[in-house]
Amino acid sequence: MTKQPFRLHVKASTILKWIIAIIALIIALFPIWWVFSIVFSDPGTPVSVNPRLYPSSLSAGFQNIAKAVTENNYQFLRAYLNTTFYTIFTILGVLILCSMAAYEFALFDFPGKKILFSLALFAMMIPTVVTLVPTYLLVAGLGWINTLQGLVVPGIASAFGLFMLTQFFQDIPKEIMDAAIIDGASHFGVYRYVVMPLSTNALVTLAIITFINTWGNFAWPLVIATNETTFTVSQMINRYNGQFTRASINMIMTVNLLAAILPLLFFIIFQSKIIKGISMSGLKG
Amino acid sequence: MKRYTRSIILILVLALSLTACAPGATKATAPAVVPAQTITLEYWVFADYGSGEAGKLQQTFISEFQAANPGVKINMSPKNDDELTAGITAAAASKSLPDIYMQSDDMGANDVKLGALVNVYDMWMAMPDSYRNQFNPAMVTDMTPTDKTMWGMPYTGYSSFLFRNLTVLKAAGIDPAEKVTTWAQWLEQMKKIKAAGYDALPNMALAYNDFVAMYSGVATDSQWGIDWANKKTNLDPAAYATMVKFLMDAKAYGTEIGNRDQAADDLFKSNKLAYRISGPWTNVTYADAKKTSGLDYDYVILPGNTADNPGGHRGDEFIGISPYSKNKEMAWKFITYICDEPQMTRWATLLSRYNSNMVTLSKVNDSLLQITAEGAKSGLMVQPPDFVKAYPAGYTQAILDNTAQIESGQVTPEDGAKELVDKLNKLIQENQ
Amino acid sequence: MNNWVRKYLRHFLMLTPFFIFFSIFLLYPIFKGFYISFFRWDAVHPAVFVGLDNYISVANSSYFGIAIFNLLKYVSITVPVGILLSFLVALLVDSFEGIPSGFFRSTYFVPTMIPLFLAASVWRWIYTPEIGIINIVLGWLHIPPVNWLTDPKVMILSLVIVDNWRSIGFNMVILLAGLKNIPGEYYDAAEVDGANKFQEVIYITIPQLRPVLFFTIAYGFISALQVFDAPWLMTASQYSTYGGHLKGLLFPVMDMMGRAFGNLQFGQASAYGFMLMLIILVVTGILFRVQRRLGGA
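Rules used throughout
- Residues numbered from 1 in each chain as written.
- Chains lettered and ligands numbered in written order.
- Predicted model: local features only at pLDDT ≥ 70, side-chain atom pairs only at ≥ 80, totals over all residues.
- Heavy atoms only, no water.
- Helix = DSSP H or I, 4+ residues; strand = E, 2+ residues; numbered from the N terminus.
- Buried < 20%, exposed > 50% of the residue type's maximum accessible area, 1.4 Å probe, protein only.
- Lys, Arg positive; Asp, Glu negative; His and termini not counted.
- Charge placed at Lys NZ, Arg CZ, Asp CG, Glu CD.
- Axes fitted to C-alpha atoms, helices over the stretch in contact; angles between N-to-C directions.
- Parallel < 35°, antiparallel > 145°, perpendicular 65-115°, else oblique.
- Left-handed = near helix turned anticlockwise from the far one by under 90°.
- Contact = heavy atoms within 4.5 Å.
- Nonpolar A, V, L, I, M, F, W, Y, C, P; charged D, E, K, R; others polar.
- Buried area = accessible area lost by both parts, 1.4 Å probe.
- Salt bridge = Lys/Arg side-chain N within 4 Å of Asp/Glu carboxyl O.
- Polar contact = N/O pair within 3.5 Å; in protein donor to acceptor, adjacent residues only side chain to side chain.
- Core = buried A, V, L, I, M, F, W, Y, C linked by side-chain atoms within 4.5 Å.
- Phe/Tyr/Trp six-rings, centres within 6.5 Å; stacked < 30°, edge-to-face > 60°.
- Lys NZ or Arg CZ within 6 Å of the ring centre and 35° of its normal.
- Pairing = 2+ DSSP bridges.
- Expected span 1.5 Å × (residues − 1).

Looking at the overall build of chain C
Thought 1: When helices and strands are tallied, chain C shows twelve helices and two strands.
Thought 2: The linear arrangement of helices and strands in chain C, starting from the amino end, is α-β-β-α-α-α-α-α-α-α-α-α-α-α.
Thought 3: The C-alpha extent of chain C, read off along each of the three principal axes, is 80 × 70 × 30 Å.
Thought 4: Counting the 297 residues in chain C, one finds 59% classified as buried.
Thought 5: Taking the 18 positively charged and 14 negatively charged side chains of chain C as two groups, their mean positions are separated by 12 Å.

Remarks on the packing of helix α2 (residues 52-68) of chain B against helix α14 (residues 328-339) of chain B
Residue and element names in this part refer to chain B.
Thought 1: The N-to-C vectors of α2 and α14 enclose an angle of 125 degrees; their axes lie 11 Å apart at closest approach. Of the possible angle classes, the one that applies to α2 and α14 is oblique. Considering the relative orientation of α2 and α14, their crossing is right-handed. Along the contact surface, α2 presents F61, I62, E64 and F65, while α14 presents M330, K333, F334, Y337 and I338.
Thought 2: Tallied by class, residues from the contact of α2 with α14 come to seven nonpolar, no polar and two charged.

So, the interface of chain A and chain C
Thought 1: Taken together, the contacts link 96 residues of chain A with 89 residues of chain C.
Thought 2: Of the roughly 8300 Å² buried at the junction of chain A and chain C (both faces included), carbon and sulfur atoms supply 82%.
Thought 3: Counting the contacts that link chain A with chain C gives zero salt bridges.
Thought 4: Between the two partners, chain A and chain C, sit seven residue pairs in polar contact (both at pLDDT 80 or more).
Thought 5: Among the secondary structure elements, those contributing two or more residues to the side of chain A that touches chain C are α1 (12-39), α2 (58-107), α3 (113-124), α4 (128-141), α6 (159-169), α8 (187-198), α9 (200-216) and α12 (249-280) of chain A.
Thought 6: By residue number, the principal contributor to the side of chain A that touches chain C is α1(A), which donates 15 residues.

Brief notes about the nonpolar core
Thought 1: In this structure, B:Y43, B:W186, B:F211, B:Y215, B:Y240, B:Y275 and C:Y108 are the most contacted members of the largest nonpolar core, which totals 318 residues.
Thought 2: Ranked by residues supplied to this core, first place goes to α2(A) with 19 residues.
Thought 3: For B:Y43, the residues in contact, after removing those within four places along its chain, are B:Q58, B:I62, B:I74, B:N75, B:M76, B:S77, B:I100, B:M102, B:F334 and B:I338.
Thought 4: In this structure, B:F163, B:Y286, B:A289 and B:L368 belong to the second largest nonpolar core, which totals ten residues.

Quick notes on the packing of aromatic side chains
Thought 1: If you walk through the whole model with that rule in mind, you get 79 aromatic pairs over all chains.
Thought 2: For the ring pair A:F30 and A:W34, a centre distance of 5.5 Å and an interplane angle of 45 degrees mean the geometry is tilted. Taken together, the residues A:F30 and A:W34, both in helix α1 and four residues apart, mark about one turn of the helix.
Thought 3: Arranged with centres 5.4 Å apart and planes meeting at 50 degrees, the rings of A:Y103 and A:Y191 form a pair that is tilted. You can see A:Y103 sitting in helix α2 and its partner A:Y191 sitting in helix α8, a full 88 residues away along the chain.
Thought 4: For A:Y191, a relative accessible area of 5% corresponds to the buried category.
Thought 5: Positioned over the ring face of C:F96 is A:K17, at 4.6 Å from the centre of the ring.
Thought 6: Taking the ring centre of B:W44 as reference, the NZ or CZ of B:K79 above it sits at 4.3 Å.

Topic: the interface of chain B and chain A
Thought 1: If you look at the interface, chain B gives 52 residues, while chain A gives 47 residues.
Thought 2: At the boundary of chain B and chain A, one finds zero salt bridges.
Thought 3: Inspection of the chain B/chain A interface yields eleven residue pairs in polar contact (both at pLDDT 80 or more).
Thought 4: Of all the secondary-structure elements, those providing two or more residues to the side of chain B that touches chain A are α1 (2-20), β1 (39-46), α2, β2 (72-79), α3 (81-93), α12 (262-269) and α13 (283-293) of chain B.

Some details on unusual backbone geometry
All names here are of chain B.
Thought 1: The amide bond that connects P384 to the next residue, P385, takes the cis arrangement and shows omega of -5 degrees.
Thought 2: By the element assignment, P385 lies in the loop between β11 (380-381) and α18 (395-407).
Thought 3: Look at K231: it is not a glycine, yet its phi comes out positive at around 50 degrees.
Thought 4: Structurally, the position occupied by K231 is in the loop between β6 (226-227) and β7 (232-233).
Thought 5: Residue classification places K231 among the partly exposed residues on the basis of a relative accessible area of 40%.
Thought 6: The phi angle at F387 is positive, at roughly 65 degrees, despite the residue not being glycine.
Thought 7: Looking at the secondary structure, you find F387 in the loop between β11 and α18.

Considering the sheet that holds strand β8 (residues 275-278) of chain B
Residues and elements named next belong to chain B.
Thought 1: Here we have three strands laid out as an open sheet, ordered β8-β5-β9, and antiparallel in their pairing. At either end of the open sheet lies a strand with only one pairing partner, and these are β8 and β9 (297-300). Going across the sheet, the axis of each strand differs from the next one's by a mean of 25 degrees, ignoring polarity.
Thought 2: Two elements, strand β5 (residues 161-165) and β8, share four bridges in a ladder whose sense is antiparallel. In the strand pairing of β8, F163 is matched with R276.
Thought 3: α12 contacts β5, β8 and β9 of the sheet and is inclined by roughly 130 degrees relative to β8.

Regarding α3(A)
In an α-helix, one turn spans 3.6 residues; hence positions three or four apart end up facing the same way.
Thought 1: In this model α3(A) runs 17 Å from its N-terminal to its C-terminal C-alpha over twelve residues, within 8% of the 16 Å that 1.5 Å per residue would give.
Thought 2: Those residues of α3(A) that fall on the buried side of the exposure criterion are A:K113, A:F117, A:A120, A:L121, A:F122, A:A123 and A:M124.

Read these as layout, nothing more, since geometry by itself doesn't imply function.
Rendered as structure tokens:
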């Protein structure tokens, strides 16, 4: 095989593509970079005026981080643990419940289908503030205050998840389903062996979105997880956030950055699995 | 058919059991049946009182108390202001309030409405005279809106005063030692500062507490707050108009940036802004800046329209007991312990925080503490009268909106003041 | 009857887990909330029946009109702009292969992942009058500075920018998942037929993406109509004082929160919520009708 001389085929559209992509990258990442620079600067330096857009003191940053993490017996780490469990169980619950129901709404007909789907949709249109106290009283009545199930269970019947998966499941080709039925698969079997594997994209996306929403959720944990030992990460950062906060801006930014790092890492690691999953799912090409 | 039914049931059971069998780390430590000896008290504190050095000191108090009272365990949970408000409301609704909690006085009316506070008057009167005499009578009266009704222990307080950037003042040719006690004098200084190319005062018309700090310089206690008995506002239109005129004059020498914006803080630290109006908590960041970049600053009492009526707002915080607590006496014992002079002195020394214990205040020699106490003498409360009734929805917003309208020239200060008083009265009368 | 049961039982069994939890933890609180809207309730004492009073007093309150007006103005700008931009960004990321694709996908998603308080703080600094970054850049272009957060004329625009900055990543991730599901053969066939990129998008991508696009649009409207977090933080609102300067960023859900937790008027907050729900219902209904009509083609 003769070696081709190395020639760089670069189209104008590719260059334009990259320029736009990099501009968008800067717009997206700029605030995080700014915050990072604040965390790693000496306390007392101006933050929003003539901002120093590069870290100026690594040691100050690590001091800040150490202070935040060791606060009150490593409470921050315990909050990480609490929130991780909260998030993982919520994701599991949402994926299982919503996919089973979406399977029906997307691919089959049955009496009451329109009504039930409309009901689920309708639930998305009620602002949370209306249902917050009734849900809270219900959960309190069950004795679930300051418990993991109190945090998780009210959130797993997600109308958003149902709606989203229903739209995605509609793309499943009928032929593959029929083939499976001919091969003897049961109703549940088609769901488990045909629909779910073909929907990895949608399921992973829903998992990621649920992760983000749960990790950042603070209204619900605020009323349910009232003891410091059950605090979630969002409540930990609320100790520093707020209108009349007396904490220094460096600590505030440190804590918020710590809260953002874990989901970020999770997403980056998970990303590579997604790419692998997509190229292995037999649908494209 | 049987196959998938079983699978579904299996999944359901799995899901439920996963959630029910949570790892121990995430379960609270408050089982329903407690051995008679162990008492657990839930104690909610402000976020900044429960974090950092302050948090450690609170934990020390708790350990000392637990050592002196075996069988008692106190769990402290720090919460920020919004969380505290929403959390107390929700907890009151489910009757699961913490045994002891801190709250700021202006939220007290809501707490009373929720039935979330114990009337501690009898317990208070049962304390020996020597104990009760330690405390600031005015702050005690604040907690006692009606006869024989006391809603908790007054704990700490704050007031606002004027931070001055001495570098900027000197660059504008002003001698920092020169006393400024009236708005007229202050405007003169602001003029010089602007002429030298700096900004004097940030925008004080964007936040409600800033408004109170300024209005305090022209009004007295009787010209502020709500008169619930007669269903009208005490806001004095003439005083209000004077204040707005002053703010408009000051704006010409100042900046559009709000007093509470991070940018104002930064401008002060970068020696571009001469004044900032805030409370003792802001000192932390300026002290840091002093170390890092040599910020030269001091703090003085806020000038008022006339020399006898300085400006500045103030507020108090208190500690209350839940009516659902099963250990009210022990809760009271803890509260009186941390408010007692030795503990309060340690607290004040650490935080330079103004508080209700006069013995402590006389012992601790700290300029920040002193100026806070000074400011509290003439400062106006944020939403008086406390512990009576919550302000009607939109009341505070109406004041800010009106100031904005006057400043943008839509209406003259006098007409605007009249409109405002009418609007506030209407809100009060419509309030349920 | 037996036949009917046997025919549909499998479907209902699959639906049961979701609908059990849904009924208990979503439907029941909604009905309770609706019930409360006819009472005066402070969450603690027994509720007092007031009939339609809550609805009337909310509708008559001086801020109601402003809040609704702000809301409609906000939603009509932010959703179309947001969906368009998300779609374009999704196409952009999809056009990369391999590592750059994953990289851009992660990084464009970062704004959605940042705690909102952080994002709101940074944007407040960017919007600072006179010395914020945007105003400095405007200065270079000899444009007078704008008071992004205190001038009612532009406050909604400021919010739209922040909201889109945050949610483009969110919608992009969903649209990307949909894009990846489109079989490559369609594009290959189109290339053979001589179609250019633009035509490919119009005639293949959009039709194939219809269910997912519809979802992003519908959800976009539903959530934009309930906007609360971002304007609350950007205006440094509290339960007693909210809505920003001259109420430029006052929205219905903010008013509900203020009434509920600032004033302990949960009945009023509920009534307000259900009135908002009606608006959302109307908008969603229109969307569904449009979808059905387009879908017939």
